[in-house]
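Architecture and fold: a report
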Amino acid sequence: MPTLEDVKQSDLQAAADYVNKVYKAVEQRNPHEAEFLQAVKEIFDSLTPVLAKHPEYIKHNILERIAEPERMITFRVPWVDDQGCVQVNRGFRVQFNSAIGPYKGGLRFHPSVNASITKFLGFEQIFKNSLTGQPIGGGKGGSDFDPKGKSDGEVMRFTQSFMTELCKYIGPDQDVPAGDIGVGAREIGYLFGQYKKIKGGYEAGVLTGKSPGFGGSLIRTEATGYGTVYFMQELLKDNGLTFEGSTVVVSGSGNVAIYAMEKAAELGASVVACSDSNGYIYDENGISLGTLKRLKEVERHRLSEYVKEHPQAQYVEGGSGIWSIPCDIALPCATQNEIDETAANILVRNGVKAVGEGANMPSTLEAIEVFRSNQILFGPAKAANAGGVSVSALEMAQNSARLSWPAEEVDAKLHDIMINIYRDSMTAAEKYGQPGDLVTGANIAGFLKVADAMVSQGVI
Ligand code: GLU
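The name given to the protein in an unreviewed UniProt entry is Glutamate dehydrogenase, with Bacillus atrophaeus as the source organism. The annotation that UniProt attaches to the protein under Sequence similarities (unreviewed entry) is "Belongs to the Glu/Leu/Phe/Val dehydrogenases family."

Laid out in structure tokens, this is it:
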């Protein structure tokens, strides 16, 4: 392996020109897809030194190929609401890249879901899945259906209609969906039931995130949040810091946020705030996880209910204000672009030491630049939130072997995977001339494995 010093200036220039040219082509081909272009730009910006050292990737035009999905499916999802009216939503599945394994990635049910959101998530998933070291390709899907305020019957009828179409394109060795925002164990259960009914066989490995009672892996619910904290633990350790005694702010209150809070608290941090799309709660004595879990996981209530049981806590309308709470460690676990340049500057001014992304692409490109230029320890989403999909891949392995591993075993494997992702990302950053830059390191480490597989498999 040559070092970066061995790379000729002319090769670096040729690589930079190639990256620019392909990015322009991607822009032209996907106008109006702001989130997708943002995700592509973040990856491409990291790759110039890699392409300079590996001209074979330019020769095989890997960038233009990797930014174009293998397949994008869009479909109508008609369903009948509780009033007997026919409603129509739009369903998506992007099968982005299968170079290293079957397409793998979640389904998101949220009104904001469109082609751009689906593609940014699917694109990120390619590199995230590669980083896990497991044999899974990249995919993603979802619908603009809003589960908020819908009855259980409505969610079931919508979900069954969604699967009636989706089932034509998925399978345990082809494409394996899971959950994401708005899709949890309940939705996965209905999706699995409908798939089984249509296919007439028990293909447990077609979906992950199932309940442990019918093939789900233990620790899958906790995996993304725990994984983010395991990843950040390594980064903090390398810089002489710990969760113990730190003040932590977590955005969101879904399963990623809840289990990031749980693990951070277990490690001795004081978790003082979390949020939902309506507002945030702040409790300087630490959020009660017992109350939070019951409100969100069992009763499906809004976060504002929390202060009725904990009057010492404050509820503030509007979710984005959460970043004005002073903290040592910020864990954005809600949604894309929730930290913009202004929020990043406020965090820095208030003394934040580390930021770990539990959500997908929660920081804008400008926010990342603020963290970078202020030497804030930064765990990028692709690496820091890969724990969820890692345990999904472990669920696939258990389903194939027709057995189930104890919680301790899955948790130990998850912990190892997160440590490896951290080390691989650090090593790649170092090797390509950006020591300590985990954004660059994760992008490069994730890219290399997929690019090599694409080269080996020819022009397909
Ligand atoms: N939606 C999760 C993610 O963003 C998990 C995907 C999966 O388990 O397949 O990685």
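Points about the sheet that holds strand 4 (residues 137–143)
Spatially, 1-2-4-3-5 is the arrangement adopted by the five strands of the open sheet, whose pairing is mixed. Here the strands that pair on one side only, and so sit at the sheet edges, are strand 1 (71–80) and strand 5 (175–178). For this sheet, the mean inter-axis angle between neighbouring strands, taken without regard to orientation, is 20 degrees. In this sheet, strand 2 (residues 86–97) lies alongside strand 1 in antiparallel orientation, the contact comprising ten bridges. Across the sheet, the residue bridging to Pro78 is Val88, located in strand 2.

Some remarks on the environment of Pro78
Inspection of the secondary structure assignment puts Pro78 in strand 1. Residues Pro78 and Gly279, 201 residues apart in the sequence, show an inter-C-alpha distance of 32 Å. If sequence neighbours within four positions are ignored, Pro78 has contacts with Gln87, Val88 and Ser161.

Overview of the site of the ligand
Taken together, 14 residues sit near the ligand, with Lys104, Lys128, Gly179, Asp180 and Ser392 positioned nearest. The separation between an oxygen atom of the ligand and a polar side-chain atom of Lys104 is 2.7 Å. Gln125 has a polar side-chain atom sitting 3.1 Å from an oxygen atom of the ligand. Expressed as a share of its isolated accessible area of 300 Å², the protein-covered part of the ligand is 95%. Counting residues per element, the ones that place at least two in the shell around the ligand are strand 3 (103–109), helix 5 (115–131) and helix 15 (387–401). Across the shell around the ligand, the residue classes break down as two nonpolar, seven polar and five charged.

Side note on the packing of aromatic side chains
A full pass over the atoms with the stated rule returns 20 aromatic pairs. Plain terms: the ring middles of Phe75 and Phe162 are 5.3 Å apart, the flat faces sit at 50 degrees to each other, and that makes the pair tilted. In this pair, Phe75 sits in strand 1 while Phe162 sits in helix 6 (residues 152–166), placing the two residues 87 residues apart along the sequence. Given a relative accessible area of 0%, Phe162 falls into the buried group. Ring geometry for Phe145 against Phe158: centres 3.9 Å apart, planes inclined by 5 degrees, an arrangement best described as stacked. A residue pair is termed long-range when its members are at least 10 positions apart, and Phe145 in the loop between strand 4 and helix 6 and Phe158 in helix 6 qualify at 13 residues. Here the two residues Phe145 and Phe158 agree in accessibility, since each one is buried. In this structure, Lys41 packs its charged tip against the face of Tyr23, placed 5.6 Å from the ring centre. The ring of Phe145 carries the charged tip of Lys150 above its face, separated from the ring centre by 5.3 Å.

The rules behind the values
- Residues numbered from 1 in each chain as written.
- Predicted model: local features only at pLDDT ≥ 70, side-chain atom pairs only at ≥ 80, totals over all residues.
- Heavy atoms only, no water.
- UniProt positions renumbered as here; feature names shortened; annotations may be inferred.
- Pairing = 2+ DSSP bridges.
- Helix = DSSP H or I, 4+ residues; strand = E, 2+ residues; numbered from the N terminus.
- Axes fitted to C-alpha atoms, helices over the stretch in contact; angles between N-to-C directions.
- Contact = heavy atoms within 4.5 Å.
- Near = heavy atom within 4 Å.
- Polar contact = N/O pair within 3.5 Å; in protein donor to acceptor, adjacent residues only side chain to side chain.
- Areas by Shrake-Rupley, 256 points an atom, 1.4 Å probe, with all protein chains shown as cover.
- Nonpolar A, V, L, I, M, F, W, Y, C, P; charged D, E, K, R; others polar.
- Phe/Tyr/Trp six-rings, centres within 6.5 Å; stacked < 30°, edge-to-face > 60°.
- Buried < 20%, exposed > 50% of the residue type's maximum accessible area, 1.4 Å probe, protein only.
- Lys NZ or Arg CZ within 6 Å of the ring centre and 35° of its normal.

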